[in-house]
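Summary of the model geometry
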Amino acid sequence: MMVLPPFRGPRFLRETPGLTDAKGFIPVLPTYRHPDFESIYAVGVITQLKAMEQTPIPTGAPKVGLMSEEMALAVAHNIALELGVISGCQNKPTLQAICFADFGDTGALFLADPLLPDETGHRHRALTYNGIWVSWMKTGFEKYFLTKLRLGWTIPWFERWAFRAIGLPLVEPIIPSPQLIQVKG
Ligand SMILES: Cc1cc2nc3c(=O)[nH]c(=O)nc-3n(C[C@H](O)[C@H](O)[C@H](O)COP(=O)(O)OP(=O)(O)OC[C@H]3O[C@@H](n4cnc5c(N)ncnc54)[C@H](O)[C@@H]3O)c2cc1C
């Protein structure tokens, strides 16, 4: 048997009137700005993501670290646009995901493009691989990730280039719509 506490946002967010849904997750527009508070953007696991299906145990939609990075990239871009530092159109995360799971004596890698399937239940790609090499890759990735962050690199050019090369652009432009925020200047 496995017991897990309910998956919900932290109390200080839940208790802020109008900020989150009942479970403490922050609703966002495609720009990842809060629909009601212009100065609030949200990224990561705390953002509201509709579950793909209703299950007997309400597990919700899976969320992985790469999605948080994609959201942060899009939000940084959208804030820079709002401040007039850059020009162009607003971005949204692609929500494509790669995950390395380490099981000790083996590992599993999945690629979900995008993580949430469309209304017909289809994704462009959904791949899984397993083997001890995944554990080795995860160990190598951890060392690379911590080193690059210590150096102040977020997503360096070669990483962006490698993601694009395998069809994962991480962010994509938003087709302008009246509901989206007005960009100043
Ligand atoms: C066991 C495990 C394995 C995983 N493996 C993978 C993987 O292989 N690949 C992958 O892509 N993803 C993986 N994930 C998911 C990934 O770790 C998360 O998606 C990612 O860390 C989410 O980032 P985040 O910044 O949104 O949230 P978090 O990393 O949870 O950051 C939230 C931060 O807010 C802080 N915080 C909370 N409350 C307060 C408060 N009141 N005041 C101040 N700070 C506060 C927390 O301390 C925390 O540091 C894994 C997750 C787990 C648990």
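I will try to describe carefully the structure that is included in this document. (Residues numbered from 1 in each chain as written. Predicted model: local features only at pLDDT ≥ 70, side-chain atom pairs only at ≥ 80, totals over all residues. Heavy atoms only, no water.)

Close to the ligand lie F12, G44, V45, K63, V64, G65, L66, S68, I98, C99, F100 and K138. One of the backbone N or O atoms of G65 is found 2.8 Å from an oxygen atom in the ligand. In this structure, an oxygen atom belonging to the ligand sits 3.3 Å away from a side-chain N or O atom of S68. Relative to its unbound accessible area of 1000 Å², the ligand is 32% covered by the protein chains. (Near = heavy atom within 4 Å. Polar contact = N/O pair within 3.5 Å; in protein donor to acceptor, adjacent residues only side chain to side chain. Areas by Shrake-Rupley, 256 points an atom, 1.4 Å probe, with all protein chains shown as cover.)

Neighbouring strands of a sheet are bound in pairs by backbone hydrogen bonds; such pairs are parallel or else antiparallel. If you trace the three strands from one edge of the open sheet to the other, you get 2-3-4, paired in antiparallel fashion. Both outer strands of the open sheet, strand 2 (97–102) and strand 4 (125–130), are each paired with one neighbouring strand and no more. For this sheet the average axis-to-axis angle between neighbouring strands, irrespective of direction, equals 10°. The pairing of strand 3 (residues 107–113) with strand 4 spans six bridges and is classified as antiparallel. Bridging from a neighbouring strand, L111 pairs with L127 of strand 4. (Pairing = 2+ DSSP bridges. Helix = DSSP H or I, 4+ residues; strand = E, 2+ residues; numbered from the N terminus. Axes fitted to C-alpha atoms, helices over the stretch in contact; angles between N-to-C directions.)

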